[in-house]
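# Coordinates in review
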Amino acid sequence: MKSNSIAVYLSESFGLGSEKISMKPIGSGHINSTMLLTAPKKSLVVQKLNTEVFPEPDMLVKNARLIERHLTKKRQLGEYDLAIIRHVPTVENNYLVDCDNGVWRALEFIGGSYSEDVVLNTSQAQTAANAFGQFAVALEDFDAKQLHHVIPDFHNLAMRAEKLKAVVAKDPQQRLASCQADVDFCFAQFGLIDELKALTGIVPVRPCHNDTKINNMLFCNTSNDAKAVIDLDTCMPGYWLYDFGDMVRTFCSPEQEDSTDLANVCVREEIFAAVVKGYVEPLKDLITEQEKQSFWLGTKVMTFMIGLRFLTDYIDGDHYFSIKHANHNLERAQNQFALYRDILAKKTTLKAILRDV
Ligand code: ADP
Ligand code: GN1
Ligand code: MG
């Protein structure tokens, strides 16, 4: 199907007609294909879902709509101020459309907003972390047992380690020789698995976003305030340390996640402090002492685990994360390991910042 006919089909399905429409890619997500569909009446975000990653798209939509409903109630009670990204039904009142050999959904477009791939300053970091904190608090009384586990073991480091070991043993693309040092480095970090296991029963399992990347936050064009938390696809029960760690991973480096300028990949300490301050403030009445302490482990685990996932996908032949060029996943992995090494090198300073909150 040509992109023009896809646009017409989707536009008609979601009730926007077929006149004067256009569709163009937005954002830089690694999993789904995200497009802005513009029609005279209104614009919608349309996404072709990656059904390899999300084999049950109807469950994905069901989860998201449960969360939408919960957040809507919170807004009505004056307990949640951010915009809510709602799924848009088709003219036949479905939420998924089959088109172009794939499954599509539509989301309300939040106009007058922008997202970032690299945090610009401390104020932006604190604003976004605070909004992710507000989101976490709003979900606190949401019964996360209702959520289907769309990707089982998503942040299970032990399982991620097993996947790396399995792919290394197979080496299906003969790529191991090009990344043996990275694999050895990974294997030397598996003590993190026991550190995580030790938290079982000590830190609470809570509803989590699980993908608190900086580009999953929309900011207002005029005020630069946070406008909406987006990309709710992996909302599932977890530890707050995951959401904290993923913010550190994506907010603190001055370089993009796939930058090859490794000498410049580092944790900006002032951004780290802003993330801590911004996130903990809305959580202050709920967070336990053990949870606060677990944020150091979250900082290490999330940065390391995403690096490990990029490396696993590289060795496996790039089936999971979309890539723009050969070696893209290896470059991403090496970038994340550089960041992880800097985190370890700055342990004393970062732990002191955490302690001071
Ligand atoms: P992916 O799963 O591919 O990461 P996202 O849902 O995060 O997809 O969307 C990718 C990008 O599209 C975001 O970073 C943001 O720039 C833009 N975007 C997504 N949803 C909206 C929305 N409802 N309104 C405005 N922009 C959006
Ligand atoms: C993916 O979809 P996106 O780009 O927001 C991935 C996250 C990773 C991230 C790394 C469902 O997120 O887990 O942390 O890439 N999402 C999924 O940038 O695997
Ligand atoms: Mg995203």
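Residues numbered from 1 in each chain as written. Chains lettered and ligands numbered in written order. Predicted model: local features only at pLDDT ≥ 70, side-chain atom pairs only at ≥ 80, totals over all residues. Heavy atoms only, no water.

A few words on the site of ligand 2. For ligand 2, the set of nearby residues contains 18 residues, the closest of which are H30, K213, E257, R309 and Y320. One of the side-chain N or O atoms of R309 is found 2.8 Å from an oxygen atom in ligand 2. Protein coverage of the free-state accessible area of ligand 2, which is 450 Å², stands at 97%. Here the element with the most residues in the shell around ligand 2 is helix α9 (residues 289-316); it accounts for three residues. Per-class residue counts for the shell around ligand 2 are eight nonpolar, four polar and six charged. When we break the shell around ligand 2 down by domain, the ones giving at least three residues each are domain 1 (3-54 + 84-109) and domain 2 (122-355). (Near = heavy atom within 4 Å. Polar contact = N/O pair within 3.5 Å; in protein donor to acceptor, adjacent residues only side chain to side chain. Areas by Shrake-Rupley, 256 points an atom, 1.4 Å probe, with all protein chains shown as cover. Helix = DSSP H or I, 4+ residues; strand = E, 2+ residues; numbered from the N terminus. Nonpolar A, V, L, I, M, F, W, Y, C, P; charged D, E, K, R; others polar. Domains from an automatic or database assignment.)

Here we take up the environment of T349. Within the secondary structure, T349 is located in helix α11 (residues 347-355). As a C-alpha pair, T349 and E269 span 80 residues in sequence and 8.0 Å in three-dimensional space.

Glancing now at the UniProt feature "domain: Aminoglycoside phosphotransferase" (unreviewed entry) in the protein. With numbering matched to this structure, UniProt assigns "domain: Aminoglycoside phosphotransferase" (unreviewed entry) to residues 23-257. For residues 23-257, the helix share is 33%, the strand share is 18%, and the end-to-end C-alpha distance is 27 Å. (UniProt positions renumbered as here; feature names shortened; annotations may be inferred.)

The subject of this paragraph is helix α3 (residues 122-138). Counted at 1.5 Å a residue, the expected span for α3 with its 17 residues is 24 Å, and the 24 Å between its end C-alpha atoms agrees. For α3, the full list of buried residues reads Q124, A125, A128, A129, N130, A131, F132, G133, F135, A136 and A138. Of the surrounding secondary structure, the elements contacted by the buried residues of α3 are α2 (57-76), β6 (113-114), β8 (217-220), β9 (226-229), α7 (240-251) and α8 (269-283). (Expected span 1.5 Å × (residues − 1). Buried < 20%, exposed > 50% of the residue type's maximum accessible area, 1.4 Å probe, protein only. Contact = heavy atoms within 4.5 Å.)

For the rest of this paragraph, the subject is the packing of aromatic side chains. Tallying each qualifying case throughout the model produces 14 aromatic pairs. When the centroid spacing of 4.8 Å and the interplanar angle of 70 degrees are considered together, the rings of Y320 and F321 count as edge-to-face. Residue F321 is classed as buried on the basis of its relative accessible area of 7%. Grouping aromatic residues by their ring pairs yields a cluster made of F185, F187, F190, F304, F337 and Y340. Here the guanidinium or amino end of R206 rests over the ring plane of W240, the centre of that ring lying 4.0 Å away. Sitting above the plane of the F185 ring, R341 keeps its charged end 3.9 Å from the centroid. (Phe/Tyr/Trp six-rings, centres within 6.5 Å; stacked < 30°, edge-to-face > 60°. Lys NZ or Arg CZ within 6 Å of the ring centre and 35° of its normal.)

Moving on: the site of ligand 1. Around ligand 1 sit 17 residues, and of these E108, I110, S115, N215 and N216 come closest. At 3.3 Å, a side-chain N or O of N32 approaches an oxygen atom of ligand 1. A total of 550 Å² of accessible area belongs to ligand 1 in isolation, and the protein chains cover 93% of it. Among the residues forming the shell around ligand 1, the class breakdown is seven nonpolar, eight polar and two charged. Looking at the shell around ligand 1, you find at least three residues from each of domain 1 (3-54 + 84-109) and domain 2 (122-355).

Below, the discussion takes up the domain arrangement of the protein. Here the protein is partitioned into domain 1 (3-54 + 84-109) and domain 2 (122-355). The C-alpha-based centres of domain 1 and domain 2 are spaced at 28 Å. Taken residue by residue, the interface counts 10 residues in domain 1 and 16 residues in domain 2. Summing both sides of the interface, domain 1 and domain 2 together bury roughly 960 Å²; the carbon and sulfur share of this comes to 54%. When residues of domain 1 are sorted by the area they lose upon contact with domain 2, H30, F54 and I85 head the list and together hold 58% of the total. Run the count over domain 1 and domain 2 and you get five residue pairs in polar contact (both at pLDDT 80 or more). Among the residues forming the side of domain 1 that touches domain 2, the class breakdown is four nonpolar, five polar and one charged. (Buried area = accessible area lost by both parts, 1.4 Å probe.)

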